[in-house]
Amino acid sequence: MLPGPTAIAEAELPVVERKTTRRFGPDGTFWKPAEPTQQAAERPWAWLDDDITDNDRRFVENHNDGVALLRYVNPSKRLLDNDFAVLPTWSDANTTPPATDTASVRNNSRGNK
């Protein structure tokens, strides 16, 4: 059985609080990637969204000290089973401390296009 919205809603997950009211972020990004990248520090983190740009991916790759999953979600289809299925698999593969020599961004842009 795949985890669904209820399973995720019941899990104790860290939440990124938006601290800025700026509409645009650094390096041509939208406002979204800077704060989670900074708050995650070296911890693995996942971002599922309908608005992930190439600039956002480059920003995370260049500023993230750990691993990050950036996954596009089609807004007309919302989160689908395959979106939920990728999260525990990705999480299990990335629960060890990140390497200190290079940053690694796992970009999964396939999502539910």
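Residues numbered from 1 in each chain as written. Predicted model: local features only at pLDDT ≥ 70, side-chain atom pairs only at ≥ 80, totals over all residues. Heavy atoms only, no water.

Draft legend 1. Region of interest: the overall build of the protein. A count of helices and strands for the protein gives 4 helices and 3 strands. Sorting the 113 residues of the protein into buried and exposed places 31% on the buried side. Counting only contacts in the protein whose residues sit at least 6 apart along the sequence, the fraction spanning at least 24 positions is 57%. Carbon together with sulfur atoms contributes 51% to the accessible area of the protein, which is approximately 7500 Å² in total. (Helix = DSSP H or I, 4+ residues; strand = E, 2+ residues; numbered from the N terminus. Buried < 20%, exposed > 50% of the residue type's maximum accessible area, 1.4 Å probe, protein only. Contact = heavy atoms within 4.5 Å. Areas by Shrake-Rupley, 256 points an atom, 1.4 Å probe, with all protein chains shown as cover.)

Draft legend 2. The confidence of the model for the protein, seen in detail. When pLDDT is averaged along the protein, the result is 75; 71% of the residues meet or exceed 70. Between the elements of the protein, mean pLDDT differs from a low of 48, seen in strand β3 (residues 104-108), to a high of 91, seen in strand β2 (residues 67-72). Every residue in residues 100-104 scores below 50 in pLDDT, and together they form 7 contacts with partners more than four places removed in sequence or on other chains. Of the regions scoring below 50 in pLDDT, residues 106-110 engages in 17 contacts with residues more than four places distant in sequence or in other chains. (pLDDT = per-residue confidence, 0-100.)

Draft legend 3. Spotlight on the side chain of Thr 37. Structurally, the position occupied by Thr 37 is in helix α2 (residues 34-40). Within polar-contact distance, the side chain of Thr 37 engages the backbone oxygen of Pro 33 at 2.7 Å. (Polar contact = N/O pair within 3.5 Å; in protein donor to acceptor, adjacent residues only side chain to side chain.)

Draft legend 4. Fine view of the nonpolar core. Ala 40, Trp 45, Trp 47, Ile 52, Val 60, Ala 68 and Leu 70 together form the largest nonpolar core, which totals 7 residues. Within the residue set of this core, elements represented by two or more residues are β1 (45-49) and β2. (Core = buried A, V, L, I, M, F, W, Y, C linked by side-chain atoms within 4.5 Å.)

Draft legend 5. Structural view of unusual backbone geometry. Even without glycine at this site, Ala 41 takes up a positive phi of about 55°. Here Ala 41 shows up in the loop between α2 and β1. Among the residues examined, Ala 41 registers a relative accessible area of 35% and is labelled partly exposed. In this structure, Arg 78 takes a positive phi of about 60° despite not being glycine. Within the secondary structure, Arg 78 sits in the loop between β2 and α4 (81-93).

Draft legend 6. Looking closely at the pairing of β1. Burial along β1 is one-sided: the face carrying Trp 45, Trp 47 and Asp 49 is buried and the face carrying Ala 46 and Leu 48 is not. Sheet topology note: the β1/β2 ladder contains 5 bridges and is parallel. If you follow Asp 49 over to β2, its bridge partner there is Tyr 72. The parallel pair β1 and β2, bridged by helix α3 (residues 54-63), forms a crossover whose chirality is right-handed. (Pairing = 2+ DSSP bridges. Right-handed = clockwise from strand over helix to strand, strands pointing away.)

Draft legend 7. Structural context of the environment of Pro 75. Inspection of the secondary structure puts Pro 75 in the loop between β2 and α4. Look at Pro 75 and you get partly exposed, because its relative accessible area is 47%. In the structure, Pro 75 is positioned 25 residues away from Asp 50 in sequence and 5.7 Å away in space, judged by C-alpha atoms.

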